[in-house]
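Chain by chain, the residues:
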Amino acid sequence: MNIHPMWDQYPDMKKDLADVLTVIDESVTIRDAQARKIVLDLLHAGGKLLRPAFFLLTAKMGETYDRDQLIHVAASIEVLHMATLIHDDIIDEAETRRGLPTVQSQFGAKYALYTGDYLFCVCFKILSKYATALSTVEFNTETVERVLIGELEQMNSRYNTDMTVKQYLRQISRKTAALFAMSCHMGAELSGAGKQAKINARKIGHEVGMAFQILDDILDFTQEANTLGKPVLEDMKQGVYSLPLIYAMERNRAAFLPLLEKKGDIQYEDADEVLALVKKYNGVEKAKEVATKYTNKAVARINKLPESESKKMMLALTEQLLQRQS
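Residues numbered from 1 in each chain as written. Predicted model: local features only at pLDDT ≥ 70, side-chain atom pairs only at ≥ 80, totals over all residues. Heavy atoms only, no water.

Engineer: Explain unusual backbone geometry here, please?
Structural biologist: One can expect most non-glycine residues to show negative phi and most peptide bonds to be in trans. Here the phi dihedral of Leu49 falls at roughly 60°; this positive angle occurs in a residue that is not glycine. Assignment of secondary structure puts Leu49 in the loop between α2 (33-43) and α3 (50-58). At Asn282, a residue that is not glycine, the phi angle is positive and equals roughly 60°. Within the fold, Asn282 resides in the loop between α14 (268-280) and α15 (283-303). (Helix = DSSP H or I, 4+ residues; strand = E, 2+ residues; numbered from the N terminus.)

Following this line, the structure appears as structure tokens:
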């Protein structure tokens, strides 16, 4: 199993996540050999598995702990995430994901669409067997709805040079943070934790998800493509404007407009000029301040949890987000 090296320092979690991948392997039973290979290649491309990890950590908040059930529900969460990635790549017309060619770049948008839809089916097939309460499935369904609304909002706001910070934060709250919030809430719920603990877990997930997405967008402006696993500034070229760019544009919109108005015709030298302007007008620094704010809020909530090894790991992972380079 290709488990990200960040889990080497947490051997118990590494084993749990390896078992999560095994469950997904066994659940992807599609007869189309090409589609199965695509799914498994993405699965084993070295993703961090943060959503199932946070689910498994919050699943220790209560008194109930059924490892087999939790591993399977964690698998459903990662499958759901994989489905959203494939659909996201279609919308963004992305060429690579985790250093590999995307489904849509290899086989076209229609093939990618059905592959993503198949993964949604796998997610709910697993949940139908292992979710002990209808509320778990309902909450999962509501989260899928929020994610898809976020994707639609992003698609409808492409090339919008009047994009505001508020609009961006609302989009990522639905597109990314909702899945982290769902993961943590479900973990607390399946552990038998109380109402307030579930609310707290959901808020932790939301704040971690917000910080994670903002930092992911910052890396698009600060890292090389071979480090990041995808082309840098690709979102910007596709008209998806993230926080560093939005903040920089607030300082001098006129400097950006001649470049961004080229839309699909933006060349590498134009992208380099946009990058220089973002740095000039401190877009990255301003975005980091927001990511730090969300990280600190998550850390403050985690610190209120009872002392445990899972609490220590949640703190370490959350603080580690601010230092990540890929």
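Engineer: Just checking my understanding: could you explain the packing of α3 against helix α16 (residues 309-320) for this structure?
Structural biologist: The packing of two helices is summarised by the inter-axis angle and the distance between the axes. Interaxial distance between α3 and α16 falls to 9 Å at its minimum, and their mutual angle equals 150°. It follows from the interaxial angle that α3 and α16 lie roughly antiparallel. Viewed along their axes, α3 and α16 form a crossing whose handedness is left-handed. Two secondary-structure elements touch here, α3 through Phe54, Leu57 and Thr58 and α16 through Ser310, Met313, Met314, Leu317 and Thr318. (Axes fitted to C-alpha atoms, helices over the stretch in contact; angles between N-to-C directions. Parallel < 35°, antiparallel > 145°, perpendicular 65-115°, else oblique. Left-handed = near helix turned anticlockwise from the far one by under 90°. Contact = heavy atoms within 4.5 Å.)

Engineer: Honestly, the environment of Asn296 in this entry has me stumped. Any pointers?
Structural biologist: By the element assignment, Asn296 lies in helix α15. Sequence spacing of Asn296 and Ala53 is 243 residues, and the spatial spacing of their C-alpha atoms is 20 Å.

Engineer: What exactly am I supposed to notice about helix α8 (residues 165-190) here?
Structural biologist: Given 3.6 residues per helical turn, the α-helix brings residues three or four places apart onto the same face. The terminal C-alpha atoms of α8, which comprises 26 residues, lie 35 Å apart, in line with the 38 Å expected from a rise of 1.5 Å per residue. Within α8, the axis deviates most sharply at Ala177, by approximately 50°. Judged by how many residues are buried, α8 sits mostly within the fold: 22 of 26 residues are covered. Phi turns positive one or two residues past the end of α8, at Gly192, with a value near 80°. (Expected span 1.5 Å × (residues − 1). Bend = angle between axes of the 7 residues up to and from the residue. Buried < 20%, exposed > 50% of the residue type's maximum accessible area, 1.4 Å probe, protein only.)

Engineer: What is the right way to look at the pattern of salt bridges in this model?
Structural biologist: Two side chains with opposite charge may pair up if their charged atoms get near one another. What the rule picks out here adds up to 12 salt bridges. Arg174 serves as the salt-bridge partner of Glu153, at 2.3 Å between the closest nitrogen and oxygen. Of this pair, Glu153 sits in helix α7 (residues 134-156) while Arg174 sits in helix α8; the two residues are 21 residues apart in sequence, bridging distant segments of the chain. The salt bridge involving Glu207 is made with Arg301; its shortest N-O contact spans 3.0 Å. With Glu207 in helix α9 (residues 195-222) and Arg301 in helix α15, this residue pair connects regions lying 94 residues apart in the sequence. (Salt bridge = Lys/Arg side-chain N within 4 Å of Asp/Glu carboxyl O.)

Engineer: Even after reading the chapter, I still don't get the nonpolar core, so can you show me in this structure?
Structural biologist: A general feature of soluble globular proteins is that nonpolar side chains tend to end up buried together. Counting residues in hydrophobic clusters, the biggest one holds 104 residues, and the most contacted among them are Trp7, Ile214, Leu245 and Phe256. Discounting residues that sit within four places of it in the chain, Trp7 has contacts with Met13, Lys14, Leu17, Lys48, Leu49, Leu50, Ala53, Met313 and Leu317. (Core = buried A, V, L, I, M, F, W, Y, C linked by side-chain atoms within 4.5 Å.)

Engineer: I keep staring at the packing of aromatic side chains and nothing clicks. Help me out?
Structural biologist: The geometry of an aromatic ring pair is captured by two quantities: the separation of the ring centres and the angle between the planes. Applying the stated criterion across every chain, the model contains five aromatic pairs. Seen from their ring centres, Phe54 and Phe180 are 6.4 Å apart, and the 75° between their planes marks the pair as edge-to-face. Placement of Phe54 in helix α3 and of Phe180 in helix α8 is noted, with a sequence separation of 126 residues between them. Here the two residues Phe54 and Phe180 agree in accessibility, since each one is buried. Ring centres of Phe180 and Phe212 lie 5.5 Å apart, and the angle between their planes is 45°; this geometry places the pair in the tilted category. Of this pair, Phe180 sits in helix α8 while Phe212 sits in helix α9, and the two are 32 residues apart along the sequence. Phe212 matches Phe180 in its accessibility class, with the two residues each being buried. By the ring-pair criterion, three or more aromatic residues cluster together here, those being Phe54, Phe180 and Phe212. For Lys286, the ring lying beneath its charged end belongs to Tyr247, and the centroid distance is 5.1 Å. Positioned over the ring face of Tyr294 is Lys293, at 4.9 Å from the centre of the ring. (Phe/Tyr/Trp six-rings, centres within 6.5 Å; stacked < 30°, edge-to-face > 60°. Lys NZ or Arg CZ within 6 Å of the ring centre and 35° of its normal.)

Engineer: How do you make sense of the side chain of Lys175 when you look at a structure like this?
Structural biologist: Mapped onto the elements of the fold, Lys175 is located in helix α8. Classification of Lys175 as buried rests on a relative accessible area of 17%. Contacts of Lys175, omitting those with residues within four sequence positions, involve Asp88, Val147, Gly150, Glu151 and Gln154.

Engineer: Help me understand α14 in this model?
Structural biologist: When the terminal C-alpha atoms of α14 are compared, their 18 Å separation across 13 residues agrees well with the 18 Å that a helix rising 1.5 Å per residue should span. Buried residues of α14: Asp270, Ala271, Val274, Leu277 and Val278, and no others. The buried side chains of α14 occupy one side of the element, clustering within an arc of 120° when seen end-on. In α14, those exposed residues whose orientation departs by more than 90 degrees from the buried face are Tyr268, Glu269, Asp272 and Lys280. One or two residues past the end of α14 sits Asn282, with phi positive at roughly 60°. (Arc of directions from axis to C-beta.)

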